Amino acid sequence: MAMIDTARETHDGTGSGTGDDTDQATDHDGPDTGADGVRLHVQRLSPPDGRPPTATAVLIHGLLTDSLASWYFTVAPDLAAAGLEVVMYDQRGHGRSERPGSGYRLDTFVTDLERLLDRLDITGPVHLVGNCFGGTVAFAYAMRHPERVAGIAVIEAKPATESWLTEISGILRRVATELVVHEAESLAWVSAHRGAHTARLAKSAARLVRTTTIAEDVPASGVVSEEQVRAVRCPVLAVYGADSELAGQERWLESVLPGTRTVVLPGQGHSVLAEAPTRIRELLLSWIHEDETATGAPAVGAAALEADAL
């Protein structure tokens, strides 16, 4: 059983590590965290040299092959170095968090985030940063707790609309067929064409789908209307790959939330976070800096932004 880990780390990664199932992170026993007593693995990064953080960013990963490691090995240390308090966690069923047999509807993932922040005593408005399904969780949390969200940044993600439900249901059906029914053949292909690391992630995803009801639960999630999306009042940053299946999503999001800042990265597909981490880092720091400045909070990462201009 994975435990909640509230130990803080400096931006250089010292202290307890993070990562996938083979990582040597040190877990610390803690209280039940999730909606139904599920324990979640958490990592926190603080600014260097004991400086007080200027804001808090909560990073939320995607489904199946993802974990908090995707943040730690891309942008999280740089966000902490720029002065942010960074909170990452493995969502239920993923990474080192507990894997219950059922309980994987979107609303439960949102309640997990809600209780996690309560357990960590994070009461001030936070910047939610979500990749893929993590972005959907971020939108849903902001609709539930608008007073607790300073802003939302999503990468290759959309709110839980009817179109989202159709898309995610189709993806999970394909995964259930390819990675469970034809697991051996699929893993052999992934290993040959995508490498051993991706094959390990695919094997973990197959195990999650095979041993839990996630493939049935997520498609059974409730959806939100366009009017509910329009009710989101916090600043929103949305990043998409130009070659992604979500390309064009930015136009709809801008029409529903006119204040949204959208960025489409040429030559990128769905794996934007992994393939363009430097650009994602720049966008996140700039967006949080602008938001904090607009609200009168201390500048975030000003020194880092100035260095980028040199």
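Residues numbered from 1 in each chain as written. Predicted model: local features only at pLDDT ≥ 70, side-chain atom pairs only at ≥ 80, totals over all residues. Heavy atoms only, no water.

An unreviewed UniProt entry annotates the protein chain as Alpha/beta hydrolase of Streptomyces malaysiensis subsp. samsunensis.

### Side note on the overall build of the protein chain
Along the backbone of the protein chain there are 13 helices and 8 strands. Taking all 310 residues of the protein chain together, 55% fall into the buried category. Within the protein chain, counting contacts between residues at least 6 apart in sequence, those at least 24 apart form 76% of the total. (Helix = DSSP H or I, 4+ residues; strand = E, 2+ residues; numbered from the N terminus. Buried < 20%, exposed > 50% of the residue type's maximum accessible area, 1.4 Å probe, protein only. Contact = heavy atoms within 4.5 Å.)

### Comments concerning the pairing of strand β7 (residues 236–241)
Within β7, 6 of the 6 residues are buried, leaving the element largely enclosed by the surrounding structure. Of the two faces of β7, both are covered, the one formed by V236, A238 and Y240 as well as the one formed by L237, V239 and G241. Pairing of strand β6 (residues 149–155) with β7 involves 4 bridges; the strand directions are parallel. The partner of I155 across the bridge, within β7, is V239. In this sheet, strand β8 (residues 261–265) lies alongside β7 in parallel orientation, the contact comprising 5 bridges. Across the sheet, V239 pairs through a bridge with V263, a residue of β8. Chirality of the crossover, the property in question, places the unit of β7, helix α10 (residues 249–256) and β8 among those that are right-handed. (Pairing = 2+ DSSP bridges. Right-handed = clockwise from strand over helix to strand, strands pointing away.)

### Quick notes on unusual backbone geometry
With the exception of glycine, most residues fall at negative phi, and the peptide bonds are largely trans. Despite not being glycine, D49 has its phi angle at roughly 60°, a positive value. The residue D49 is located in the loop between β2 (42–45) and β3 (55–60) in this model. Despite not being glycine, D121 shows a phi value in the positive range, around 60°. With respect to the secondary-structure elements, D121 resides in the loop between α3 (106–119) and β5 (126–131).

### Points about the pairing of β3
Counting buried residues along β3, 6 of its 6 residues qualify, which places the element largely inside the surrounding structure. Residues A55, A57 and L59 point to one face of β3 and T56, V58 and I60 to the other, with burial holding for every one of them. Both β3 and strand β4 (residues 84–89) contribute to a ladder of 6 bridges, which runs parallel. Each bridged residue has a counterpart across the sheet, and for V58 the counterpart in β4 is V87.

### Topic: the nonpolar core
Ranked by size, the top nonpolar core spans 57 residues in total, and within it V58, L64, L113, L128 and I152 carry the most contacts. If you look at the next biggest cluster of nonpolar residues, it comprises 31 residues, including A55, Y72, L79 and L284. (Core = buried A, V, L, I, M, F, W, Y, C linked by side-chain atoms within 4.5 Å.)

### Some thoughts on the packing of aromatic side chains
By the definition in use, this model includes 4 aromatic pairs. Ring centres 6.1 Å apart and planes at 50° place the aromatic pair Y104 and F109 in the tilted group. Its relative accessible area of 0% is what places Y104 among the buried residues. Taken together, the ring pairs in this structure connect Y104, F109, F133 and W164 into an aromatic cluster. (Phe/Tyr/Trp six-rings, centres within 6.5 Å; stacked < 30°, edge-to-face > 60°.)

### Let's talk about α3
Compared with an ideal rise of 1.5 Å per residue, which puts 14 residues at 20 Å, α3 spans 20 Å between its outermost C-alpha atoms and is within 8% of the ideal. In terms of residue burial, α3 counts as a mostly covered element, since 10 of its 14 residues are buried. (Expected span 1.5 Å × (residues − 1).)

### A word on the packing of α3 against helix α4 (residues 133–144)
Following both chains from N to C, one finds α3 and α4 inclined at 70°, their axes separated by 9 Å at the closest point. The orientation of α3 relative to α4 falls into the category roughly perpendicular. The crossing of α3 and α4 is right-handed. Judged by residue contacts, L106, D107, F109, V110, T111, L113, E114 and L117 of α3 engage F133, T136, V137, A140, Y141 and R144 from α4. Looking at the contact of α3 with α4 residue by residue, the class counts come to 9 nonpolar, 2 polar and 3 charged. (Axes fitted to C-alpha atoms, helices over the stretch in contact; angles between N-to-C directions. Parallel < 35°, antiparallel > 145°, perpendicular 65-115°, else oblique. Left-handed = near helix turned anticlockwise from the far one by under 90°. Nonpolar A, V, L, I, M, F, W, Y, C, P; charged D, E, K, R; others polar.)

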